[in-house]
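# Understanding the architecture of this molecule
Read off the chains here:
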Amino acid sequence: MKERLIELREEAVSKIEACDELRELNNIRVEYLGKKGPITEVLKGMGNLSPEERPVIGAVANEVRGAIQGKLEEKIAQVERAAIEKKLESETIDVTLPGRPVAVGNAHPLTATIEKIEDFFLGMGFEIVEGPEVETDYYNFEALNLPKGHPARDMQDTFYITEDTLLRTHTSPVQARTMEKEKGEPIRIICPGKVYRRDDDDATHSHQFTQIEGLVIESVDESIGMSNLKGVLQAFAKEIFGDEREIRLRPSFFPFTEPSVEMDISCMKCNGAGCNVCKGTGWIEILGAGMVHPNVLEKAGYDSTKYRGYAFGMGPERIAMLSLGVEDIRDFYINDVRFLKQFLSL
């Protein structure tokens, strides 16, 4: 029995030394040290030995088991170390090579358009003023010459939180708050921000969109009038759409301005000749404007006989759609990277 145990040790050690795979080493462990292995079988026959032989054979069996286990652990460590070294060798990094460029994001086309508009008006001496998106009925409507029951409110159907609290339908409340705060001082501001209306019936409308509104109020001694408004809007159109763009002002109606106008620009595709983009007219509507209504001035604490001003409002989405050739306003909001990658140069 002792000779058999020594023979098994030499046999196992020989197999272990010749093996270079972890899976095979595990098979050798099971083969010799498992419950059904030859060492276990030898030990099962110890019951037939004399009391004097049992401790001798037991000691030999433990020594053989320990030798095999020790050789296995040594070989496993060696194989694992060799595998790691091979992997490191195959993954060697040449630190002298130039680094790989990291992809960086860029401004969203709407953000880029808004910033471009803001930069223009900042250069014209305007200040940027922002206000709350959750507004009161007073500042959203009444302070802007839209009393309760006024039919023009229907054009700005919105989301009400309470009877007198709503998501603002335009950024004009920021103008009303600024006038109230300045209490008779000259004003030259633009008000960018998100607005909300229950309007998403087609590809050119959304229940949430952005607006930039402008307001200029000065003393009547400055002779401010429609000619000043037209000059600013003409400079704006050429800055955003190109020097070749022409503008026209058409009479319109807004409760908070009088007189009121819609501004069109000559079509970028046909240069005024008429095409499918401008629906054959040669012109594309771009924004609304007008002289501030005396009622709006008086509500904010201005003497309408001493002060006058002009206001205008535009949608950056519409400007971005026209200048970038986007056909569906909803493309701006779906966060499709394939769409956004078209405007990496903005």
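Bear in mind the structure is a predicted one, so any value in this text is a computation, not a measurement.

Once that is clear, we can look at the sheet that holds strand β3 (residues 160-162). Two strands in a sheet stick together by hydrogen bonds in their backbones, pointing the same way (parallel) or opposite ways (antiparallel). Strand order in the open sheet formed by 3 strands is β2-β4-β3, with antiparallel pairing between adjacent strands. Either end of the sheet is taken by a strand with one partner, and the two such strands are β2 (134-136) and β3. Averaged over neighbouring strand pairs, the angle between their axes works out to 35° when direction is ignored.

Spatial ordering of the open sheet is given by β1-β5-β6-β10-β9-β8-β7, a layout of 7 strands whose pairing is mixed. The sheet is open, and its two borders are formed by β1 (127-128) and β7 (247-254), each paired with just one other strand. As paired elements, β1 and strand β5 (residues 187-196) share 2 bridges and run parallel to each other. Within β5, the position partnered with Ile 128 by the bridge is Ile 190. Packed onto the sheet, helix α7 (residues 172-182) meets β5, β6 (208-219) and β10 (307-314) and runs at close to 145° relative to β5. Strands β6, β9 (283-292) and β10 of the sheet are contacted by helix α10 (residues 316-324), whose axis makes an angle of about 150° with β9.

Taken N-terminus to C-terminus, the directions of helix α2 (residues 22-33) and helix α4 (residues 53-90) make an angle of 175°; their axes are 10 Å apart at the nearest point. Compared by their axis directions, α2 and α4 come out roughly antiparallel. Two secondary-structure elements touch here, α2 through Leu 22, Leu 25, Ile 28, Arg 29, Tyr 32 and Leu 33 and α4 through Arg 65, Ile 68, Gln 69, Leu 72, Lys 75, Ile 76, Val 79 and Glu 80. Of the residues in the contact of α2 with α4, the class split is 9 nonpolar, 1 polar and 4 charged.

Moving on to the packing of aromatic side chains. Under the counting rule described, the total for this entry stands at 11 aromatic pairs. Here Phe 121 and Phe 312 contribute two aromatic rings whose centre-to-centre distance is 5.2 Å and whose plane-to-plane angle is 20°, an arrangement assigned as stacked. Of this pair, Phe 121 sits in helix α5 (residues 109-123) while Phe 312 is found in strand β10, placing the two residues 191 residues apart along the sequence. Each member of the pair, Phe 121 as well as Phe 312, carries the same accessibility label: buried. An angle of 10° between the planes, with centres 6.1 Å apart, marks the rings of Phe 254 and Phe 256 as stacked. Three or more aromatic residues link up through ring pairs in this structure, and these residues are Phe 120, Phe 121, Phe 126, Phe 236 and Phe 312. A cation over a ring is seen here: Arg 177 above Tyr 139, with NZ or CZ 4.1 Å from the ring centre.

Another point: the nonpolar core. For soluble globular proteins, the rule of thumb is that nonpolar side chains tend to be buried together. The biggest cluster of nonpolar side chains holds 34 residues, and the ones touching the most others in it are Phe 121, Phe 236, Leu 287, Tyr 310, Phe 312 and Met 314. Counting only elements with at least two residues in this core, the list comes to α5, β6, α8 (226-241), β8 (257-266), β9, β10 and α10. It is α8 that contributes the most residues to this core, 7 residues altogether. Residue contacts for Leu 287: discarding those within four places in its chain leaves Leu 233, Phe 236, Val 261, Glu 262, Met 263, Phe 312, Gly 313 and Met 314.

What counts as what
Residues numbered from 1 in each chain as written. Predicted model: local features only at pLDDT ≥ 70, side-chain atom pairs only at ≥ 80, totals over all residues. Heavy atoms only, no water. Pairing = 2+ DSSP bridges. Helix = DSSP H or I, 4+ residues; strand = E, 2+ residues; numbered from the N terminus. Axes fitted to C-alpha atoms, helices over the stretch in contact; angles between N-to-C directions. Contact = heavy atoms within 4.5 Å. Parallel < 35°, antiparallel > 145°, perpendicular 65-115°, else oblique. Nonpolar A, V, L, I, M, F, W, Y, C, P; charged D, E, K, R; others polar. Phe/Tyr/Trp six-rings, centres within 6.5 Å; stacked < 30°, edge-to-face > 60°. Buried < 20%, exposed > 50% of the residue type's maximum accessible area, 1.4 Å probe, protein only. Lys NZ or Arg CZ within 6 Å of the ring centre and 35° of its normal. Core = buried A, V, L, I, M, F, W, Y, C linked by side-chain atoms within 4.5 Å.

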